[in-house]
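Survey of secondary and tertiary structure
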Amino acid sequence: MPLDINEIMQILPHRYPFLLVDRVLECDPGKRIIAVKNVTMNEPFFEGHFPGHPVMPGVLIVEAMAQTAGVLIGLTTGANGRDDICYFAGIENAKFRKPVTPGDQLRFEVDVASCRRGIWEFSAKAFVHGKLAAEATIKVTYFPAPK
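An account of the accompanying structure is given in this report. From a predicted model like this one, the values you see are computed outputs, not experimental measurements. (Residues numbered from 1 in each chain as written. Predicted model: local features only at pLDDT ≥ 70, side-chain atom pairs only at ≥ 80, totals over all residues. Heavy atoms only, no water.)

Before going further, it helps to spend a moment on the overall build of the chain. A tally of helices and strands in the chain yields 2 helices and 6 strands. Secondary structure of the chain in N-to-C order comes out as α-β-β-α-β-β-β-β. Its C-alpha atoms give the chain a radius of gyration of 15 Å, near enough to 15 Å, the size a compact globule of 147 residues would have. Its C-alpha atoms give the chain principal-axis dimensions of roughly 50 × 30 × 25 Å. (Helix = DSSP H or I, 4+ residues; strand = E, 2+ residues; numbered from the N terminus. Rg over C-alpha atoms; globule rule 2.2 N^0.38 Å.)

As a further point, take the nonpolar core. Met56 and Leu106 are the most contacted members of the largest nonpolar core, which totals 41 residues. Of all the elements in the fold, those that place two or more residues in this core are α1 (5-11), β1 (23-28), β2 (32-38), α2 (58-77), β4 (105-116), β5 (119-128) and β6 (131-143). Once you skip the residues sitting within four places of it in the chain, methionine 56 turns out to touch Lys37, Val39, Phe45, Phe46, His49, Ile61, Val100 and Leu106. (Core = buried A, V, L, I, M, F, W, Y, C linked by side-chain atoms within 4.5 Å. Buried < 20%, exposed > 50% of the residue type's maximum accessible area, 1.4 Å probe, protein only. Contact = heavy atoms within 4.5 Å.)

Now for the environment of valine 140. Structurally, the position occupied by valine 140 is in strand β6. Taking the relative accessible area as the measure of exposure, valine 140 reaches 3% and is therefore buried. C-alpha separation for the pair valine 140 and glycine 118, spaced 22 residues apart in sequence, amounts to 8.2 Å. In this structure valine 140 touches Ala69, Ile73, Cys86, Tyr87, Ala89, Gly118, Ile119, Trp120 and Phe122, once residues within four positions along its chain are discounted.

The next thing to look at is the side chain of aspartate 104. Along the polypeptide, aspartate 104 turns up in the loop between β3 (85-96) and β4. Although aspartate 104 is buried, it makes no salt bridge; lysine 98 carries the closest opposite charge, 4.8 Å away. At a separation of 2.9 Å, a polar atom in the side chain of aspartate 104 contacts the main-chain amide nitrogen of threonine 101. In this structure aspartate 104 touches Lys37, Asn38, Val39, Pro99, Val128 and His129, once residues within four positions along its chain are discounted. (Lys, Arg positive; Asp, Glu negative; His and termini not counted. Salt bridge = Lys/Arg side-chain N within 4 Å of Asp/Glu carboxyl O. Polar contact = N/O pair within 3.5 Å; in protein donor to acceptor, adjacent residues only side chain to side chain.)

Moving on, we get to the sheet that holds β2. What the 6 strands build is an open sheet, ordered β1-β2-β4-β5-β6-β3; its pairing is antiparallel. In this open sheet, the two edge strands, each paired with only one partner strand, are β1 and β3. Across the sheet, the axes of successive neighbouring strands diverge by a mean angle of 20°, strand direction being ignored. In the sheet, β5 pairs with β6 via 10 bridges, with the strands oriented antiparallel. Bridge pairing in β6 links valine 128 to lysine 131. Packed onto the sheet, α2 meets β1, β2, β3, β4, β5 and β6 and runs at close to 50° relative to β6. (Pairing = 2+ DSSP bridges. Axes fitted to C-alpha atoms, helices over the stretch in contact; angles between N-to-C directions.)

Another aspect to go through is the pairing of β1. Across 5 bridges, the pairing between β1 and β2 is antiparallel. Along β2, the bridge assignment pairs cysteine 27 with isoleucine 33.

What follows concerns the pattern of salt bridges. Pairing between side chains of opposite charge can happen when their charged atoms approach one another. In the structure shown here, the tally under the stated rule is 7 salt bridges. Two residues, aspartate 111 and arginine 32, come together in a salt bridge whose shortest N-O distance is 2.7 Å. Residue aspartate 111 is found in strand β4, and its partner arginine 32 is found in strand β2; the two are separated by 79 residues along the sequence. You can call aspartate 111 partly exposed: its relative accessible area is 26%. Taking relative accessible area as the criterion, arginine 32 reaches 29% and is therefore assigned partly exposed.

Right under this line is the structure:
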């Protein structure tokens, strides 16, 4: 189930410059999602991180993995960013394996590990050119809109 940026924006409340998922390539609701972010020199964070040696901040890679998880929750539950809300609830075992630089395409592979009482736990990985760039266990809380 591919999604373009307009369809992603129907699910997530994030907008430029903080929307960090460009396209969903595959999704198996309730189980797994694969999405991408095209990293360009136009990203506002590159101006200061680092001048002359641009590297995407690790915290933004983790945020992008969490946003990908949010899209998976939305596709699983029917949530949307206007009425329902997801919050980043935790991160464990984050590891950064290689720098992400302008021109790279991040490929996020996010799998549901568990879901209990509105707390979703995911195994998330980010790849560049097929090589692992970052990984983490991410927790997200989901609050459906009152009916």
